[in-house]
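Per-entry structural report
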Amino acid sequence: MALRDELLKSIWHAFTALDVDKSGKVSKSQLKVLSHNLCTVMKIPHDPVALEEHFKDDDEGPVSNQGYMPYLNKFILDKVKDNFDRQDFNKMCWTLCSRKNLEQSQLLISNDDAFKIWCIFNFLSEDRYPLNIVTEEIEYFLRKLTEAMGGSWVEERFEDYKLQLDSRQQCLNAWELITVVGSGHFSKGMDRQTLSMGINEVYQELILDVLKQGYMMKKGHKRKNWTERWFRLKLNSISYYVGEDLAEKKGNIFLDGNCTVEPLQDKEGKKCLFLIRSSLKTFEISASDKKKKQEWIQAIQTCVTLLRQGRPAPHREARQKRRELRLRQQAEQEELELRMRELQTANEAKQLELENMRKALEEAAANAAEEEKRRLQTQTELQDRYRMDLEREKMVRQQMEEQVAQKSTELEQYLQRVRELEDMYRQLEDALDDEKRARQDEEAVRKLQARLLEEEAMKRAELEQIHLRQQRAISETEAEKQELERERLAKESALHAAMTQLEHLEQERQGALEQYQTVIKKLEDATNNTKTWKHKVAEHEGLLRLIQPGSKGQKLITNWGPAAFSDAELSLREKKWQEMKNQATQAQ
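Residues numbered from 1 in each chain as written. Predicted model: local features only at pLDDT ≥ 70, side-chain atom pairs only at ≥ 80, totals over all residues. Heavy atoms only, no water.

**Topic: the overall build of the protein**
Scanning the protein for helices and strands turns up 14 helices and eleven strands. What you see for the protein is a C-alpha radius of gyration of 57 Å, clearly larger than the 25 Å of a compact globule of 588 residues, by over 25%. Here the protein holds 588 residues, and 26% of them are scored as buried. Nonlocal contacts in the protein, meaning residues at least 24 apart in sequence, comprise 62% of its contacts between residues at least 6 apart. (Helix = DSSP H or I, 4+ residues; strand = E, 2+ residues; numbered from the N terminus. Rg over C-alpha atoms; globule rule 2.2 N^0.38 Å. Buried < 20%, exposed > 50% of the residue type's maximum accessible area, 1.4 Å probe, protein only. Contact = heavy atoms within 4.5 Å.)

Here it is, written out as structure tokens:
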């Protein structure tokens, strides 16, 4: 059952309780309070303006359930998430409806037990409004309750009650079910405490999804000591507490499809041991006896199997199967009734035809008797005169008798056909039974084929994903390979250009070096020549002095001419030439 359907059942009880005069309408002020309480309990932000906008055209009069449903779906149920306390939500709706419908003084159960029965009714009731629970679900609940109380189921008592129920309506509403259980009709010989414990156990299984609970010993993870704990098994977890009052919770064992449970040999003075391996930790448990050990192992393995297959809790799955079976039986019953009506119509038509034939025979017989009477009277009066007519009348009578015999034969044939129709009807019932069993077998085979097709589709989807990832990886590898090839070619081209440029620079450097050596040689020759001429000038100094008129002072003139330069100037020019050469080398 979807979350929305579960919530709608409780909300329907609350809305119906606000409808005091049972007109199907509730005032807007009451709906505001109901909407605010629903949003508060389900942890949804409340928007009172939206309610005003939704019913802005109906400010004075009451609001019907059909008018409130669009607002409830859009502004509340569409926003709800499974993050609130279901029990608080149910108790809020129960508080609104129990004050109006529950007579606590006439019951043997407490208000809390009545609330639990109300929740069980919502779980087992049909998805049709007004809510009712059918006879099959009533029997299922009462059997569960009797088993939880440790009693034995009395089939005759329920059959008598079912006869009374069938004579009225074949179903019960929530308050009638609470009255049936609270009156003690099906718990004779049980005290109130036993009845309350039985209701609580059924409530925990059907509503809180507690599949098994009880005391067992658990080995600690740190101190390795054994401690008694109260364990509660649900579909996806095992919670353990200090006591069965659930006052102090000590931890959880989370279950999934990969969990395993296996029996262990007796050790450390502990017997009836078994091991639970979860994804986080491993737990060693000791049951009180071998029977409980096997029951716990079987229950945990069932939960792991259901989780692995993605199926709901056993009682929820069983309820869904019962509903589907009822729907199939109802459809088959309607089809059978349709065929019965068709056969009945055909039978009535045949009966009408036979009745018309019988009436025609009676009329023919009456006409024949009247004609015989007239004929006898005429024969008495005109016996001699109409002897020939008497012979003719005998012939006519004989023909009429033959027609009557023929009609009787046809009547027998029609009766034979009616008997054949009855035989065909019985054969049709047998064929329908065979067809029903064949459909059940076909449904089982179809479910198996659907499950196999679903698994094959999942495998195909996984293979498609792996193939797509491989294609993507190949494409990425090919792109990277092409990029690396382009980079390698670019680097080879750059390296070739650099080598060419290096060779060119090497040739230029060799030419510059040869030029430098030539200049050095010329410089050395010039230096030697300069030293020779200086020596000659020193030897012949003073032999020739030129006197220029008008000069203010002596001016040293050598025989080298105006283009000659001294050693200091030569060193300076050599230094500048060396600097220029170094700059050129660096630039290359």
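Let's pick the thread back up.
**Points about the pattern of salt bridges**
For the structure shown, the criterion picks out 36 salt bridges. Two residues, E205 and K144, come together in a salt bridge whose shortest N-O distance is 2.7 Å. One end of the pair, E205, is in helix α10 (residues 192-206); the other, K144, is in helix α7 (residues 135-149), with 61 residues separating them in the sequence. With its nearest N and O atoms 2.3 Å apart, the salt bridge here joins R375 to E372. Here R375 pairs with E372, and both are found in helix α12 (residues 314-381), just three residues apart, close to one helical turn. Across the pair, exposure class does not vary: R375 and E372 are buried alike. What you see here is one network of salt bridges that share partners, running through E126, E136, E137, R322 and R326. (Salt bridge = Lys/Arg side-chain N within 4 Å of Asp/Glu carboxyl O.)

**Brief notes about the UniProt feature "domain: PH" (unreviewed entry) in the protein**
Under the local residue numbering, the UniProt record ascribes the feature "domain: PH" (unreviewed entry) to residues 209-305. The straight-line gap between the two end C-alpha atoms of residues 209-305 is 16 Å; of that span, 16% is helix and 42% is strand. (UniProt positions renumbered as here; feature names shortened; annotations may be inferred.)

**Regarding the packing of aromatic side chains**
In this structure the tally under the stated criterion is eleven aromatic pairs. Relative to W296, the ring of F231 lies with its centre 6.4 Å away and its plane at 70 degrees, an arrangement referred to as edge-to-face. Pair noted here: F231 is in strand β6 (residues 226-233) and W296 is in helix α11 (residues 290-309), with a separation of 65 residues, a long-range link. By relative accessible area, which is 2% here, F231 ends up buried. Here the aromatic cluster, defined as three or more aromatic residues joined through ring pairs, consists of W94, F115, W118, W175 and Y203. Above the face of the F123 ring, R319 is positioned so that its terminal group lies 4.1 Å from the ring centre. Its end group placed over the ring of Y140, R322 keeps NZ or CZ at 3.9 Å from the ring centre. (Phe/Tyr/Trp six-rings, centres within 6.5 Å; stacked < 30°, edge-to-face > 60°. Lys NZ or Arg CZ within 6 Å of the ring centre and 35° of its normal.)

**With respect to the nonpolar core**
Inside soluble globular proteins, nonpolar side chains tend to come together where they are buried. Among the nonpolar cores identified, the biggest contains 68 residues, and L38, Y68, W118, F141 and I178 are the most heavily contacted of them. It is helix α6 (residues 111-124) that contributes the most residues to this core, nine residues altogether. Listed in part, the 23 residues of the second largest apolar core include L233, I253, F283 and A287. (Core = buried A, V, L, I, M, F, W, Y, C linked by side-chain atoms within 4.5 Å.)

**With respect to the environment of A364**
By secondary structure assignment, the location of A364 is in helix α12. When the C-alpha atoms of A364 and E579 are compared, they prove to be 158 Å apart, with 215 residues separating the residues in sequence.

**Notes on the side chain of S278**
Among the structural elements, S278 can be located in the loop between β10 (273-277) and β11 (282-286). Reaching out from S278, the side chain makes a polar contact with the backbone oxygen of K281 at a distance of 2.8 Å. Residues in contact with S278, not counting those within four places in the same chain, are I253, F254, C259 and F283. (Polar contact = N/O pair within 3.5 Å; in protein donor to acceptor, adjacent residues only side chain to side chain.)

**Considerations on the pairing of β10**
In terms of burial, β10 is largely enclosed, as four of its five residues are buried. Sheet topology places strand β9 (residues 260-263) next to β10; four bridges connect them, and they run antiparallel. Bridge pairing in β10 links E262 to L275. Sheet topology places β10 next to β11; five bridges connect them, and they run antiparallel. (Pairing = 2+ DSSP bridges.)

**Details of the domain arrangement of the protein**
Domain assignment breaks the protein into domain 1 (3-207), domain 2 (210-312) and domain 3 (343-416). Placing a centre on the C-alpha atoms of domain 1 and another on those of domain 2 gives a separation of 34 Å. (Domains from an automatic or database assignment.)

**Observations regarding α10**
End to end, α10 covers 21 Å across 15 residues, agreeing with the expected 21 Å (1.5 Å per residue, within 8%). For α10, every residue scored as buried is listed here: L195, G198, I199, V202, Y203, Q204 and L206. (Expected span 1.5 Å × (residues − 1).)

**Quick notes on the sheet that holds β6**
Here seven strands make up an open sheet; going across it, the order is β8-β7-β6-β5-β11-β10-β9 and the pairing antiparallel. On the outer flanks of this sheet lie β8 (249-254) and β9, each paired with one strand and no other. Shown here is a sheet whose adjacent strand axes are inclined to one another by a mean of 35 degrees, direction ignored. (Axes fitted to C-alpha atoms, helices over the stretch in contact; angles between N-to-C directions.)

**Describing the packing of α6 against helix α9 (residues 174-182)**
At a minimum axis separation of 9 Å, α6 and α9 run at an interaxial angle of 130 degrees. In terms of orientation, α6 and α9 fall into the oblique class. Taken as a pair, α6 and α9 cross one another with a handedness that is right-handed. Counting all contacts with α6, which are made through A114, I117, W118 and F121, the residues of α9 involved are A174, W175, L177, I178 and V181. Residues that form the contact of α6 with α9 fall into these classes: nine nonpolar, no polar and no charged. (Parallel < 35°, antiparallel > 145°, perpendicular 65-115°, else oblique. Left-handed = near helix turned anticlockwise from the far one by under 90°. Nonpolar A, V, L, I, M, F, W, Y, C, P; charged D, E, K, R; others polar.)

**With respect to α12**
Over its 68 residues, α12 runs 98 Å from end to end, which matches the ideal 100 Å to within 8%, given 1.5 Å per residue. Taken residue by residue, α12 has H315, R316, E317, R319, R322, R323, R326, L354, M357, E372 and R375 as its buried positions.

**Topic: unusual backbone geometry**
With an omega of 0 degrees, the peptide bond between Y129 and P130 qualifies as cis. Mapping P130 onto the fold places it in the loop between α6 and β3 (133-134). Unlike most non-glycine residues, K224 shows phi in positive territory, near 60 degrees. Mapped onto the secondary structure, K224 falls in the loop between β5 (212-219) and β6. On the accessibility criterion, K224 (49% relative accessible area) is partly exposed. Of note in the backbone geometry, C272 takes a positive phi value of approximately 55 degrees without being a glycine. Within the secondary structure, C272 is located in the loop between β9 and β10.

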